[in-house]
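# Architecture and fold: a report
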Amino acid sequence: MTECRKWNVEHLQTLLDVLNAQGYCIYGPQLRSDAVVYGEIDAIEQLPAGWHDQQSAGSYRMDSDGDPQLFGYALGPQSWRKYLQPPRERLWSAKTNTDTQAITVSESKPAGKKMAFLGIRACEVHAIDIQDDVFLNGTIQDNRYAARRENLFLVAVNCGHVVSTCFCTSMGEGPKVDAGFDLCLTEVYKNGEHFFAVAAASDCGRSVLQVCGSAKLSESDKRLVTKVERDARLAVEQNVQLNTEGIEQLFYNASDSEYWQELADRCLSCANCTMVCPSCFCSNTTDSGDVSGRKFERWQQWDSCFSADFSYLHGGSVRASTASRYRQWLSHKLASWQQQFGRSGCVGCGRCVSWCPVGIDLRAEVQALRLRSHNADD
Amino acid sequence: MDWQSRIVTAIPTAMDTKPKLAVWKFASCDGCQLSLLDCEDELLAVAQQLDIAHFSEASSQVSEGPFDLSLVEGSVSTPDDLERIQKVRQQSRFLVSIGACASAGGIQALRNYADISDYISVVYASPSYISTLKTSTPISQHVKVDFELRGCPIDKHQLLHVIQTYLQGRRPQISSDSVCVDCKRNQIPCLMVSQQQACLGPITHAGCDALCPRFNRACFGCFGPKNNCNTRSLTAWLQSEQALSKPELTRLLHTFNSDSFVEPEYAEE
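Because the structure is predicted, anything quoted here is derived from the model rather than measured.

## Regarding the overall build of chain A
Regarding its fold elements, chain A presents 12 helices and 16 strands. Computed over its C-alpha atoms, the radius of gyration of chain A comes to 23 Å, within 12% of the 21 Å expected for a compact globule of 378 residues. Judged by the C-alpha coordinates and their principal axes, chain A covers about 75 × 70 × 40 Å. Per-residue burial over chain A gives 54% buried out of 378 residues. Contacts in chain A between residues at least 24 apart in sequence constitute 71% of all its contacts with a sequence separation of at least 6. For chain A, the centre of its 38 positive side-chain charges and the centre of its 46 negative side-chain charges are spaced 3 Å apart.

Here it is as structure tokens:
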């Protein structure tokens, strides 16, 4: 990694212009419908300046204190997954020729545009790395994912604002982004001074940094940068953590626990947790056609293990009860994912906690399961 | 007859002559039947594939049964309805109930929680002319229903999908997800979590593609309860976190599908 350099706010606009000129479609954070969401951007005025989020189980609030920070929020409801594995996409369409009855099938290919993500957090870089395991690194590659992923330019931003649902430190990555980015920024706003520390970790990143220009960080600048990064780490570490010790065995031993039913009394089986999770990857396919029967389309869309159709085999759903669906989700995410991919499927972003409509917090649930199994052992 | 056996019986019919479609109205506002007329771009294709034999909303020319596919709108709410639904069933090889009235009794099922004679005396100048049942009930309570399409009104894309899959003799792929799944696929930030709106989306059957949340309005629950509907947990949360009172919760649940969202016992206030 090259030495950290200094950017002022104008450099960030230069970055957008440079990436645009290089043919990237840039996505970044914006405030919409009382939440920070990701969308196309080309000007820094579109960023959510001054907005900060407060999150807790089942609750997300935005407020603005008028400061100029562009990345002063922690995380919004959406993850970058929506660009790499779109919620809905057509896989192919087919048409029957009225005269010859010949069927033409045309595959729907991804647009093939180069994408740049601005403002990606450590937990989200971690999540993309986990999705790479699923879509790229296995025996079968998902060509659509691979095409989107290939030219991805990541501008990470280290967290300067932490909410109570963050627990990335439990899951081994963050809140500082250590790898997997092209450029990484730390935003500093102190005593009226507003600047960024910028580091490059790839050839692409270094070349963009060179084109954008930069200044040298003074020793006092460096101290401010370190303080932002250290404060964020301390803040996450003071949050409730997810105790991962012996977690695989904990879940395997708890498969028949009565606890799952107690959880199901609260769980709505609505699938929100899986839909906001940045590493969940399940999808289904549906066929549709026109009434004449001459045109057909196959669509792929996000699916969830909380749906009845998800485990439908001949004759019915294998996991009919909410208890069995919750057990499936959490056991896979935290335990059997390790068997399957060699690491946990959770990145500690806390979205499933904030966006659960009835505030179920997996950190508390794992702890309760532990207590239950300890008591059973006694 | 289920979808599987229909594959055997209906395909020869489709090859000889067009299958006959009938649309029936019971206690309802006509909105669901209108969804068929709203299929402006697809209506010609429907008419090419099906003989629209009985559809009073579209044409006063009606032909005799039996019918291959019957779409039934509305709830059973009069003594006459009780007899008529039996006749409709006898004449229909395949019966699909459409909309919240037909599948759950509709808004008029609010009467199920009150005394019908009180209503009649207040509403009508000459109550003696009124012949009605004490309750409004779904079609499936009276006859066998082969498929139910939910919603107030139904979604035209789902209706076309059911017609199309019927013609091809395959099972409709109608999702049993919650509305939340469609909200998330549309990338809408949750209105319950971010705006404290009292939303029925988490316990409501999908099918509308999150129409209301897309316009920043919490779900009214017009598609009725979803699979594994946990009304108790949702209402407990709305009571404790959004301070909704018991009458407010009752009102929230008792709208389009008043008889199908079963009210739990609420905690004391």
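That was the structure; now back to the text.
## Let's talk about the pattern of salt bridges
This model, assessed by the stated rule, comprises 31 salt bridges over all chains. The salt bridge partner of R149 of chain A is D132 of chain A, with a shortest N-O separation of 2.9 Å. With a gap of 17 residues between them, R149 of chain A in helix α4 (residues 143-150) and D132 of chain A in helix α3 (residues 122-135) connect regions that are remote in the sequence. R185 of chain B is the salt-bridge partner of D177 of chain B, the closest N and O atoms lying 3.4 Å from each other. An identical accessibility class is assigned to D177 of chain B and R185 of chain B; each is buried.

## Focus on the pairing of strand β1 (residues 5-8) of chain A
Residues and elements named next belong to chain A. Two elements, β1 and strand β12 (residues 215-216), share two bridges in a ladder whose sense is antiparallel. Note that in β12 the partner of K6 across the bridge is A215. The sheet contact formed by β1 and strand β11 (residues 193-200) spans four bridges and is antiparallel. In the sheet register, N8 faces β11, and the bridge partner there is F195.

## Describing the interface of chain B and chain A
With 40 residues of chain B at the interface, the matching set in chain A holds 53 residues. Taking both partners together, chain B and chain A bury about 3400 Å²; carbon and sulfur atoms supply 51% of that area. Considering only the side of chain B, the residues that lose the most area to chain A are R185, Q187 and V193 of chain B, jointly responsible for 22% of the buried surface there. Residues R88 of chain A and D182 of chain B are paired through a salt bridge, measuring 3.3 Å at the closest nitrogen-oxygen approach. The tally of links from chain B across to chain A stands at 24 residue pairs in polar contact (both at pLDDT 80 or more). Elements represented by at least two residues in the side of chain B that touches chain A include exactly α3 (40-49), α7 (156-168), α8 (179-185), α9 (191-195) and α11 (231-241) of chain B. The residue inventory of the side of chain B that touches chain A, partitioned by class, reads 16 nonpolar, 17 polar and seven charged.

## A few points about the packing of aromatic side chains
Residues and elements named next belong to chain A. The full count for this structure, using the stated rule, is 22 aromatic pairs over all chains. Ring centres of F71 and F196 lie 6.2 Å apart, and the angle between their planes is 75 degrees; this geometry places the pair in the edge-to-face category. You can see F71 sitting in the loop between β5 (59-64) and α2 (81-84) and its partner F196 sitting in strand β11, a full 125 residues away along the chain. F196 matches F71 in its accessibility class, with the two residues each being buried. Put simply, the rings of Y27, Y38, W80, Y83 and F117 touch in pairs and so form one group of aromatic residues. Taking the ring centre of W302 as reference, the NZ or CZ of R81 above it sits at 3.9 Å.

## Things to note about a nonpolar patch on the surface
A contiguous nonpolar surface patch, about 370 Å² in accessible area, is contributed by I107, L110, Y113 and Y119 of chain B. Turning to its location among the elements, Y113 of chain B is positioned in the loop between α5 (99-104) and α6 (116-123).

## Notes on the sheet that holds strand β4 (residues 92-98) of chain B
Residue and element names in this part refer to chain B. Here we have five strands laid out as an open sheet, ordered β2-β1-β3-β4-β5, and parallel in their pairing. With one partner strand each, in any of the chains shown, β2 (51-55) and β5 (147-149) form the two edges of the open sheet. Pairs of neighbouring strands in the sheet enclose a mean axial angle of 25 degrees, with direction left out of account. As defined by bridge partners, strand β3 (residues 67-73) adjoins β4 across six bridges and the pair is classed as parallel.

## Quick notes on the environment of V143 of chain B
Relative to the helices and strands, V143 of chain B resides in the loop between α6 and β5. Leave out the neighbours within four places in its chain, and V143 of chain B touches I85, Q86, R89 and L95 of chain B.

## Things to note about the packing of helix α8 (residues 259-266) of chain A against helix α12 (residues 362-377) of chain A
All names here are of chain A. The contact between α8 and α12 brings their axes to 11 Å, and the two run at 150 degrees. Of the possible angle classes, the one that applies to α8 and α12 is roughly antiparallel. Seen from above, α8 lies across α12 with right-handed handedness. Along the contact surface, α8 presents Y259, W260, E262, L263 and R266, while α12 presents E365, A368, L369 and R372. A breakdown of the residues in the contact of α8 with α12 according to their chemical character gives five nonpolar, no polar and four charged.

## Some thoughts on the packing of α8 of chain A against helix α10 (residues 322-341) of chain A
All names here are of chain A. Here α8 crosses α10 at 105 degrees, and the two axes come no closer than 8 Å. As far as their axial angle goes, α10 and α8 are roughly perpendicular. Each of W260, Q261, L263 and A264 in α8 lies in contact with α10, whose residues at this interface are T322, A323, Y326, R327, L330 and S331. Residues of the contact of α8 with α10, tallied by class, amount to six nonpolar, three polar and one charged.

## A word on the sheet that holds strand β6 (residues 88-96) of chain A
Residues and elements named next belong to chain A. In spatial order, the strands read β7-β6-β14-β13; together these four strands make up an open sheet with antiparallel pairing. Where the open sheet ends on each side, the last strands, each with one partner, are β7 (103-107) and β13 (283-289). Here the strands of the sheet are splayed against their neighbours by 15 degrees on average, with no regard to which way each runs. Direction of pairing for β6 relative to strand β14 (residues 295-302): antiparallel, over a ladder of seven bridges. Looking across to β14, one finds that A94 is bridged to F296.

## As for the domain arrangement of chain B
Residues and elements named next belong to chain B. When its domains are assigned, chain B resolves into domain 1 (3-168) and domain 2 (179-253). One C-alpha centre belongs to domain 1, the other to domain 2, and the line joining them spans 27 Å. Of the residues lining the interface, seven residues belong to domain 1; the matching set on domain 2 comes to seven residues. Across the domain 1 to domain 2 interface the summed buried area is about 510 Å²; carbon plus sulfur atoms make up 50%. The tally of links from domain 1 across to domain 2 stands at two residue pairs in polar contact (both at pLDDT 80 or more).

## Examining the nonpolar core
All names here are of chain A. Of all hydrophobic cores here, the largest spans 96 residues; its most connected members are W7, L12, L15, L183 and Y326. For W7, the residues in contact, after removing those within four places along its chain, are L12, L15, L183, L185, F195, F196, V198, L209, C212, G213 and S214. V125, I128, I130 and F281 belong to the second largest nonpolar core, which has 31 residues in total.

## Focus: the domain arrangement of chain A
Residue and element names in this part refer to chain A. Each assigned domain of chain A is listed with its residue range as follows: domain 1 (5-238) and domain 2 (247-377). The distance between the C-alpha centroids of domain 1 and domain 2 comes to 26 Å. Counting from both sides, the interface comprises 45 residues of domain 1 and, opposite them, 39 residues of domain 2. Counting each side, the surface lost to burial between domain 1 and domain 2 is near 3700 Å², with a carbon and sulfur contribution of 56%. When the buried area of domain 1 at its contact with domain 2 is split by residue, R81, I130 and F167 rank highest and sum to 17% of it.

Rules used in this analysis
- Residues numbered from 1 in each chain as written.
- Chains lettered and ligands numbered in written order.
- Predicted model: local features only at pLDDT ≥ 70, side-chain atom pairs only at ≥ 80, totals over all residues.
- Heavy atoms only, no water.
- Helix = DSSP H or I, 4+ residues; strand = E, 2+ residues; numbered from the N terminus.
- Rg over C-alpha atoms; globule rule 2.2 N^0.38 Å.
- Buried < 20%, exposed > 50% of the residue type's maximum accessible area, 1.4 Å probe, protein only.
- Contact = heavy atoms within 4.5 Å.
- Lys, Arg positive; Asp, Glu negative; His and termini not counted.
- Charge placed at Lys NZ, Arg CZ, Asp CG, Glu CD.
- Salt bridge = Lys/Arg side-chain N within 4 Å of Asp/Glu carboxyl O.
- Pairing = 2+ DSSP bridges.
- Buried area = accessible area lost by both parts, 1.4 Å probe.
- Polar contact = N/O pair within 3.5 Å; in protein donor to acceptor, adjacent residues only side chain to side chain.
- Nonpolar A, V, L, I, M, F, W, Y, C, P; charged D, E, K, R; others polar.
- Phe/Tyr/Trp six-rings, centres within 6.5 Å; stacked < 30°, edge-to-face > 60°.
- Lys NZ or Arg CZ within 6 Å of the ring centre and 35° of its normal.
- Patch = residues over 30% accessible without salt bridge, like charges linked within 9 Å, V, L, I, M, F, W, Y side chains within 5 Å.
- Areas by Shrake-Rupley, 256 points an atom, 1.4 Å probe, with all protein chains shown as cover.
- Axes fitted to C-alpha atoms, helices over the stretch in contact; angles between N-to-C directions.
- Parallel < 35°, antiparallel > 145°, perpendicular 65-115°, else oblique.
- Left-handed = near helix turned anticlockwise from the far one by under 90°.
- Domains from an automatic or database assignment.
- Core = buried A, V, L, I, M, F, W, Y, C linked by side-chain atoms within 4.5 Å.

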